[in-house]
Amino acid sequence: MKVVVVGGGVIGLSVAWRLATEHDVTLVDPAPGRGASWVAGGMLAPVTESWPGEEDLLDLGSASLDSWPAFAAGLGISLHTAGTIVAAVDAADAAQLDVLADFLAARGRDVDRLTGRELRRVEPTISFRVRSGLMVPGDLAVDNRELLRALHSSAEAAGVGFVREPVRAVRREAVDLGGTTLRCDVAVIAAGAWSSGLHPALASAVYPVKGEILRLRARPNALPPPAHTVRALVESRPVYLVPREGDELVVGATQYEAGFDDEVTAGGVRDLLMYAETVLPGITEYGLAECAAGLRAGSRDNLPLIGWLEPGVLVAAGHHRNGLLLAPITADAVAAFVSGAAPPPVVRVADPARLKQRTS
Ligand code: GLY
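Source: prediction; values computed, not measured.

> Whenever I open this one, the site of the ligand confuses me. Can you help?
In the vicinity of the ligand, the residues found are Glu-49, Tyr-240, Ala-253, Arg-296 and Arg-321. Interatomic distance of 2.6 Å between a side-chain N/O atom of Tyr-240 and an oxygen atom of the ligand. In the environment of the ligand, a nitrogen atom lies 2.7 Å from a nitrogen or oxygen atom belonging to the backbone of Arg-321. Look at the ligand: alone it shows 190 Å² of surface, and the protein chains cover 87% of it. Tallied by class, residues from the shell around the ligand come to two nonpolar, no polar and three charged.

Written out as structure tokens, the structure reads:
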């Protein structure tokens, strides 16, 4: 079949790479490998991203996490397997973590509760202001930029053709660019937050959720970054610190609904530095290598939209905070849809038909 994938973030690239073994695939994006995926923290964290009421998302994320080792091996990239620490600063933060721990324990998840002293035994650079926390061994992390480069080159090697142009609209069997139309058997809309403008069914289903991140680098004589990913609640404000190769530390992320504004704000940088310093005081000696903002693709129920919008038009968007995590299972599901097979059962919750049910 001739398939056009619209969008070259982690979802579009993964889908195109996966489909290219069986189909003639073209990917359209003016700047593949950029967008929200380029800015991401890289956590593959269904357990520490979850919250009571989001059981379907936890199950979907966990199924995708199971595919990640093989997915990464197929791309020739490595995963960060040290696990995640979740830290609480004040009493209200600790109470929040208790709610999370109870929820996870009830779902049979592997979580250890630790005192502040026990956390510092594991990560000695954590501040004395951290009073308690959780140890979550299962969550993984990936270098998002290494991932995007690997996906791009693997997709190219598998025969995916790249068209570096913006897309105006997607219709049955046609993708409209500025002056030309690409004809296809199946179009896959995987353009993240921009998907809303490409098909009428997505107009209010997907929307941008801005996130700012910082990249810090430990300078000589500074304390080293933590070995684990550290997530924290700092007086009810969430922050995460993800170690990378080369003494780098990604600090994220703010979260606002601000339309398509993707400018980094002074307030966003100040907040992230303040929360990060509360948890890891040693970061004040780090270099500030980069400030960046991306637009996540939010959806009304925080679940992605994966499935048919109409015959010949699939959507794979709305992954919100979980695009990297959900890339393998999304690619598997889209491949199944295109081939006329049943997608993995856990993906049923992402059926875009639920949008119609809600409005009717
Ligand atoms: N996955 C973390 C974030 O969206 O900030």
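> Honestly, the environment of Val-175 in this entry has me stumped. Any pointers?
Within the fold, Val-175 resides in strand 10 (residues 174–177). Separated by 25 residues in sequence, Val-175 and Ala-150 place their C-alpha atoms 26 Å apart. Contacts of Val-175, omitting those with residues within four sequence positions, involve Val-4, Val-6, Val-167, Ala-169, Val-170, Thr-180, Thr-181, Leu-182, Cys-184 and Ala-187.

> In this structure, what is going on with the nonpolar core? I would like to understand it.
As a rule of thumb, soluble globular proteins bury nonpolar side chains together. With 50 residues, the main nonpolar core has Val-5, Leu-19, Leu-147, Val-188 and Val-334 as its most contacted residues. Elements supplying a minimum of two residues to this core: strand 1 (2–6), helix 1 (10–19), strand 2 (24–28), helix 3 (55–75), helix 6 (144–157), strand 12 (186–189), strand 19 (313–317) and helix 8 (323–339). By residue number, the principal contributor to this core is helix 8, which donates 10 residues. The residues touching Leu-19, leaving out its near neighbours within four places in the chain, are Val-3, Val-5, Val-25, Val-334, Ala-335 and Val-338. Formed by 27 residues, the second largest nonpolar core is a distinct cluster that contains Ile-85, Leu-114, Val-230 and Leu-272.

> What am I meant to see in the sheet that holds strand 8 (residues 161–163) here?
The pairing of strands in a sheet comes from backbone hydrogen bonds and takes either a parallel or an antiparallel form. The mixed open sheet is built from six strands, whose spatial order is 8-2-1-12-19-18. Every other strand in the sheet has two partners, leaving strand 8 and strand 18 (305–310) as the edge strands with one partner each. For this sheet, the mean angle separating the axes of adjacent strands, direction not counted, is 20°. Bridge count for strand 18 against strand 19 is five bridges, and the pairing is antiparallel. Residue pairing in the sheet places Gly-307 in a bridge with Val-315 of strand 19.

> Which parts of the structure should I look at to understand the sheet that holds strand 6 (residues 132–136)?
Ordered in space as 5-6-4-14-15-16-13-17, the eight strands form an open sheet in which the pairing is mixed. Each edge of the open sheet is held by one strand with a lone partner, namely strand 5 (112–115) and strand 17 (287–299). Adjacent strand axes in the sheet meet at a mean angle of 20°, parallel and antiparallel pairs treated alike. Bridge analysis of strand 15 (residues 237–244) against strand 16 (residues 248–252) gives five bridges, and the strand direction is antiparallel. Counterpart to Val-242 in the pairing with strand 16 is Val-250.

> So what exactly am I meant to see when it comes to unusual backbone geometry here?
With the exception of glycine, the majority of residues adopt a negative phi angle, and the majority of peptide bonds are in the trans configuration. Between Gly-252 and Ala-253 the backbone carries a cis peptide bond, its omega angle lying at -20°. The residue Ala-253 is located in the loop between strand 16 and helix 7 (266–279) in this model. At Ser-236, a residue that is not glycine, the phi angle is positive and equals roughly 75°. Looking at where Ser-236 falls in the secondary structure, it is placed in the loop between strand 14 (229–234) and strand 15.

> What's the story with helix 8 in this structure? I'm lost.
Each turn of an α-helix holds 3.6 residues, which means side chains three or four residues apart point in the same direction. A rise of 1.5 Å per residue sets the reference length of helix 8, with its 17 residues, at 24 Å; its end C-alpha atoms lie 23 Å apart and thus fit the reference within 8%. Where helix 8 bends most, at Ile-329, the angle is about 35°. In terms of residue burial, helix 8 counts as a mostly covered element, since 15 of its 17 residues are buried. Following helix 8 by one or two positions, Gly-340 adopts a phi angle in the positive range, close to 80°.

Reading the values: rules and limits
Here, residues in each chain are numbered from 1, in the same order as that chain's written sequence. Residue-level local features of this predicted model are given only where pLDDT is at least 70; pairs of side-chain atoms are given and counted only at 80 or more, and the full residue set underlies all totals for whole chains, interfaces and linings. As a rule here, side-chain values cover all heavy atoms of the structure and leave hydrogens and water aside. We call a residue near a given molecule or strand whenever any one of its heavy atoms falls within 4 Å of it. Residues adjacent in sequence count toward polar contacts only when both atoms are side-chain atoms; beyond that, a polar contact is any pair of N or O atoms within 3.5 Å, and within protein one must be able to donate a hydrogen and the other to accept it. Residue exposure ignores everything except the shown protein chains as possible cover, and the areas themselves are Shrake-Rupley values with a 1.4 Å probe. Basically, the charged four are Asp, Glu, Lys and Arg, the nonpolar ten are Ala, Val, Leu, Ile, Met, Phe, Trp, Tyr, Cys and Pro, and anything else, Gly included, counts as polar. Only DSSP runs of H or I with at least four residues qualify as helices, and only runs of E with at least two residues qualify as strands; both kinds are numbered from the N terminus onward. Contacts were defined at the residue level, with two residues in contact if any of their heavy atoms lie within 4.5 Å. Here the nonpolar core consists of buried residues drawn from Ala, Val, Leu, Ile, Met, Phe, Trp, Tyr and Cys, with membership extended through side-chain atoms lying within 4.5 Å. Each residue is placed in one exposure class: buried if its accessible area under a 1.4 Å probe, protein chains only, is under 20% of its type's maximum, exposed if it is over 50%, and partly exposed if it falls in between. Two strands are said to pair when DSSP picks up at least two bridges between them. For helices, the axis comes from a line fit to the C-alpha atoms of the stretch in contact; other axes are also lines fit to C-alpha atoms, and the angle between any two N-to-C directions lies between 0 and 180 degrees. Helix span, as expected, comes to 1.5 Å for every residue beyond the first. Think of it this way: the bend at a residue is just the angle between two axes, each fitted to seven residues, one set ending at that residue and the other starting at it.

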